[in-house]
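Chain and residue survey
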Amino acid sequence: MENQEVYYILKKILKEPRIAKLYDTMKDKYHGLKISHNWEHIMRVVLNAVVIGTEEGADLSIVITAALLHDIGFITNPSEPKKHNEYGAMDCLPYLNEWTNEEKKIISNIILKHKGKYPGYAAYEPFSLEEKVLCDADQVDKFGWIGLMQVIKVYAEYGTISYRNYDTMHGLAEGIEEASHIELYTGSARKLAEKLREPSYHEVSQAILKELNFFDGWKD
Ligand SMILES: [Fe+2]
Ligand SMILES: [Fe+2]
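The paragraphs below set out a description of the structure included in this document. (Residues numbered from 1 in each chain as written. Chains lettered and ligands numbered in written order. Predicted model: local features only at pLDDT ≥ 70, side-chain atom pairs only at ≥ 80, totals over all residues. Heavy atoms only, no water.)

1. Some points on the coordination of the iron ion (ligand 2)
Heads up, the rule is: Shown as donors are all N, O and S atoms within 2.8 Å of a metal ion, widened to 3.2 Å for Na, K and Ca; because water is not in the atom set, sites may appear incomplete. Irregular is the label for any site that misses the other tests, which are tetrahedral for four donors with all angles between 85 and 135 degrees, and square planar for four donors or octahedral for six when opposite donors exceed 155 degrees and the remaining angles lie between 65 and 115. The numbering of helices and of strands both runs from the N terminus, where a helix is a DSSP run of H or I of at least 4 residues and a strand a run of E of at least 2. A simple rule labels every residue: compare its accessible area, found with a 1.4 Å probe on the protein chains alone, to the largest value its type can have, and call it buried under 20%, exposed over 50%, or partly exposed in between.
Within the protein, the atoms that donate to the iron ion (ligand 2) are His41 (NE2), His70 (NE2), Asp71 (OD) and Asp138 (OD), at distances of 2.1 to 2.3 Å. Considering all 4 donor atoms around the iron ion (ligand 2), angles at the metal cover 84 to 175° and the coordination shape is irregular. For the iron ion (ligand 2), all donor residues lie on one chain, and their spacing in sequence is H-x28-H-D-x66-D. In this structure, the iron ion (ligand 2) lies 3.3 Å from the iron ion (ligand 1), and both are coordinated by Asp71. Taken together, the residues His41 in helix α3 (residues 39–56) and Asp71 in the loop between α4 (60–69) and α5 (72–76) connect sequence positions 30 residues apart. Each member of the pair, His41 as well as Asp71, carries the same accessibility label: buried.

Listed below in structure tokens is the structure:
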């Protein structure tokens, strides 16, 4: 899809007053927050979701609403990043007063299931098309050069709250390797990921570990 076409579709979705209002609310909420899952990330996921959702024929108004709210759990419970989807599934509700109970349930479930699946981490399995689209739109932000920067940024941030050994180069390099095994659910996301094959996270991780070998070998 051409960039202008994607922007046009998003502009059209944002004409729905309740979504326009939510967009402004969330943009404000993220303003000045020094976290890796910031407004820039939210907007990359929103735009990925427009591309994937359009190609897959998903309900874009629902998917974009969920995309705007999907990482709210990081803000409400910053000390438990791995559970941000569970917190987000509840903490999105106060923002959805203008949505029906049925829609709230759908959006909450999309948020619950948006975390990607990779070896060693069991995720809630996305089931509906809209759940798969948002999950993939979020995971695509872990592909390509931007993806590599985002993965390092996110894991380094986790390292500062003592999550795993991400406060070390070695831990970060292992994290990069893990991120290369993410599973995608839709054909359109796999097509996007195919274009973002460079760099190979496996090769990057191996190269870093090889360089670190000299420094890690020091025993005092
Ligand atoms: Fe997330
Ligand atoms: Fe996200």
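2. A few points about the packing of aromatic side chains
This is how the line gets drawn: Two rings from Phe, Tyr or Trp (for Trp, the six-membered ring) form a pair when their centres sit within 6.5 Å of each other. Planes less than 30 degrees apart are called stacked, planes more than 60 degrees apart edge-to-face, and all others tilted.
Under the defined criterion, the tally for this structure stands at 5 aromatic pairs. The interplanar angle of 75° and the centroid separation of 5.3 Å between the aromatic rings of Tyr23 and Trp39 together place this pair among those described as edge-to-face. On the criterion of sequence distance, the pair formed by Tyr23 in helix α2 (residues 17–30) and Trp39 in helix α3 is long-range, its members being 16 residues apart. Take Trp39: its relative accessible area is 15%, and that puts it in the buried class. On the basis of an interplanar angle of 10° and a centroid distance of 4.6 Å, the ring pair of Tyr155 and Tyr166 is categorised as stacked.

3. With respect to the packing of α2 against α3
This is how it is decided: The convention used is that axes are lines fitted to C-alpha atoms, helices contributing only their stretch in contact, and that angles between N-to-C directions extend from 0 to 180 degrees. Here, residues are in contact when the closest pair of their heavy atoms is within 4.5 Å. Polar here means any residue other than Ala, Val, Leu, Ile, Met, Phe, Trp, Tyr, Cys and Pro, which are nonpolar, and Asp, Glu, Lys and Arg, which are charged; Gly is therefore polar.
The N-to-C vectors of α2 and α3 enclose an angle of 145°; their axes lie 9 Å apart at closest approach. Contacts from Tyr23, Met26, Lys27 and Tyr30 in α2 reach Trp39, Ile42 and Met43 in α3. When its residues are assigned to classes, the contact of α2 with α3 shows 6 nonpolar, no polar and 1 charged.

4. Section: the packing of helix α1 (residues 3–13) against α4
We apply this condition: Relative orientations are named as follows: roughly parallel for angles under 35 degrees, roughly antiparallel for angles over 145 degrees, roughly perpendicular for angles from 65 to 115 degrees, and oblique for any other angle.
Across the interface, α1 lies against α4 with an axial gap of 10 Å and an inter-helix angle of 90°. Between α1 and α4, the crossing angle belongs to the class labelled roughly perpendicular. Of α4, the residues touching α1 (which contributes Ile9, Leu10 and Ile13) are Leu60, Ser61 and Ile64. When the residues that make up the contact of α1 with α4 are grouped by side-chain class, the tally is 5 nonpolar, 1 polar and no charged.

5. Considering helix α9 (residues 144–160)
This is how it is decided: Working rule for helices: expected span equals 1.5 Å times residues minus one.
Here α9 contains 17 residues, and its C-alpha end-to-end distance of 25 Å stays within 8% of the 24 Å for a straight helix at 1.5 Å per residue. Those residues of α9 not exposed but buried are Gly144, Gly147, Leu148, Gln150, Val151, Val154, Tyr155, Tyr158 and Gly159. Check the buried side of α9 and you find it contacts α3, α5, α10 (169–179) and α12 (201–216). Of the residues one or two after α9, Ser162 is the one with positive phi, at around 65°.

6. Some remarks on the pattern of salt bridges
Keep this limit in mind: Here, a salt bridge means any side-chain nitrogen of Lys or Arg that lies within 4 Å of a carboxyl oxygen of Asp or Glu.
Overall, the coordinates contain 9 salt bridges when judged by the stated rule. Residues Arg44 and Asp141 are paired through a salt bridge, measuring 2.6 Å at the closest nitrogen-oxygen approach. With Arg44 in helix α3 and Asp141 in the loop between α8 (129–139) and α9, this residue pair connects regions lying 97 residues apart in the sequence. One salt bridge connects Lys191 with Glu55, and the closest N-O pair in it is separated by 3.4 Å. Of this pair, Lys191 sits in helix α11 (residues 187–195) while Glu55 sits in helix α3, placing them 136 residues apart in sequence. In this structure, a network of salt bridges that share partners links the residues Glu16, Arg18 and Glu103.

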